[in-house]
Amino acid sequence: MFEETLRVVVRRRELQGQGVLVLDLAPADGGELPPFEAGAHVDLHLGEGLVRQYSLCGDPADRQVYRLGILRDPKSRGGSIAAHERLTEGSVVEIGVPRNLFPLEAGARHSILVGGGIGVTPMIAMAHALAARAADFALHYCGRSQASCAFLGELAAAPFSARVHTHFDDGAVEQRLNLVEVLTAADAGTHLYVCGPSGFMDWVIAEAGRLGLPAGQIHKEYFQVEAPAAASKAFDVALKKSGKTVHVAENQSIVEALAGVGIKIKVSCEQGVCGTCLCNVLDGTPDHRDVFLTDEEKADNDQILLCCSRALSDTLVLDL
Ligand code: FES
């Protein structure tokens, strides 16, 4: 699953805002890139087994380049810093084919796109797609300051620029994002999309729920998990297919414990965001710590993300 990769070359590299690397990636061997849907991301292979996910933020109608925006994260576990330091114009890299875990709702009568900081990236592709189908939408881009924000120039020049609203934390109160105003004007066919730092997203999602937008009309994509680590207890995983039982210590992930006995699980984000390490649970109760599964999927307790989630029961039986 998800193994197919593409060789691309960095056609343009630009630093924008504060610490945002904007890359245009073109096919290394010429031709066109595979089509992608707004909201999709790609796995960027950065060498030494480092793979990170970045949203595609260009126009989905453009088959010549994929555009990425990569914030240099001082708390980076290696991904964003490697991208900033290693990728220059002419660099050839591998990426996965686009995957979409954050699609637009085809039947929406109105779409509200809310991006916080680098979380604006999927919203830009969505804005292009909605504009192309003459759909009704608004894009709200929130940032710490005008100077910190990437993509302001291209959004100002875009054919949908009249639908773009910027909100800066250090600006006048009147220009801040007023969710009450935005959401109380929404009709029954409105869908909300949000991406950004988790605290920002939690605020937008809670306000939307409080103002009556049904959960099924609130779409979210986390790009990092900032939740404080909950207390962890040790447990066992029993592997149905191989017949092995492996102990997972308090300070270990299931992936690490399995690696210790020679069982390699494919991972990518290692944060419970991308779904690469998803596994079926045959018995026992998972302690879900990911943001990939929906609340309903978590309640079913029949799947688990092995990179971050744990067990509430003493043993989890896995389909491995
Ligand atoms: S590796 Fe991404 S969810 Fe586990």
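The structure we're discussing is the one just above.
These numbers were taken from a predicted model, which means no experiment stands behind them. (Residues numbered from 1 in each chain as written. Predicted model: local features only at pLDDT ≥ 70, side-chain atom pairs only at ≥ 80, totals over all residues.)

Asker: Residue-level account of the overall build of the protein chain, with values.
Answerer: Helix and strand counts for the protein chain stand at seven helices and 18 strands. For the protein chain, whose C-alpha radius of gyration is 21 Å, the value lies close to the compact-globule estimate of 20 Å for 320 residues. For the C-alpha atoms alone, the extent of the protein chain along its principal axes is close to 60 × 50 × 35 Å. Scored against the burial criterion, the 320 residues of the protein chain give a buried share of 39%. The contacts of the protein chain with a sequence gap of at least 6 include a subset with a gap of at least 24, amounting to 67%. (Helix = DSSP H or I, 4+ residues; strand = E, 2+ residues; numbered from the N terminus. Rg over C-alpha atoms; globule rule 2.2 N^0.38 Å. Buried ≥ 20, exposed ≤ 12 C-beta atoms within 10 Å, placed from the backbone. Contact = placed C-beta atoms within 7 Å.)

Asker: So what's going on with the sheet that holds strand 18 (residues 315–318)? Which residues, and what values?
Answerer: Reading across the sheet, the five strands line up as 13-12-18-14-16 and stay open at both edges, with mixed pairing between neighbours. Of all strands in the sheet, those with a lone pairing partner are strand 13 (245–248) and strand 16 (303–305), marking the two edges. Averaged over all neighbouring strand pairs, the angle between strand axes comes to 40°, with direction disregarded. Judged from the three bridges that link them, strand 14 (residues 278–283) and strand 16 form a sheet pairing that is antiparallel. Pairing of Cys279 across the sheet is with Ile304, part of strand 16. (Pairing = 2+ DSSP bridges. Axes fitted to C-alpha atoms, helices over the stretch in contact; angles between N-to-C directions.)

Asker: Just give me the short version of the pairing of strand 14, but keep the residues and values in it.
Answerer: By the bridge criterion, two bridges tie strand 14 to strand 18 in an arrangement that is antiparallel. Within strand 18, the residue paired with Asp283 across the bridge is Val317.

Asker: Lay out helix 1 (residues 79–86) with the relevant residues and their values.
Answerer: Inspection of helix 1 places Gly79, Ser80 and Ala83 among the buried residues, and these make up the whole buried set. For helix 1, the arc enclosing every buried residue in end-on projection is 95°, short of the 170-degree limit, so these residues lie on one face. If you follow the buried residues of helix 1, they end up packed against strand 2 (20–27), strand 3 (41–45), strand 4 (51–55) and strand 5 (66–71). (Arc of directions from axis to C-beta.)

Asker: Before we move on, can you summarise the sheet that holds strand 8 (residues 137–143) with the specific residues and values?
Answerer: The strands making up a sheet associate through hydrogen bonds between their backbones, and the pairing can be parallel or antiparallel. If you walk across this open sheet you meet the five strands as 9-8-7-10-11, and the pairing is parallel. Across the chains shown, the open sheet's two edge strands, defined by having one partner strand only, are strand 9 (164–168) and strand 11 (218–222). Sheet twist, expressed as the average angle between the axes of neighbouring strands with direction ignored, equals 15°. Pairing between strand 8 and strand 9: five bridges, direction parallel. Note that in strand 9 the partner of Gly143 across the bridge is Phe168. Of the strands in this sheet, strand 7 (110–116), strand 8, strand 10 (190–196) and strand 11 touch helix 2 (residues 121–132), which is tilted by about 155° from strand 7.

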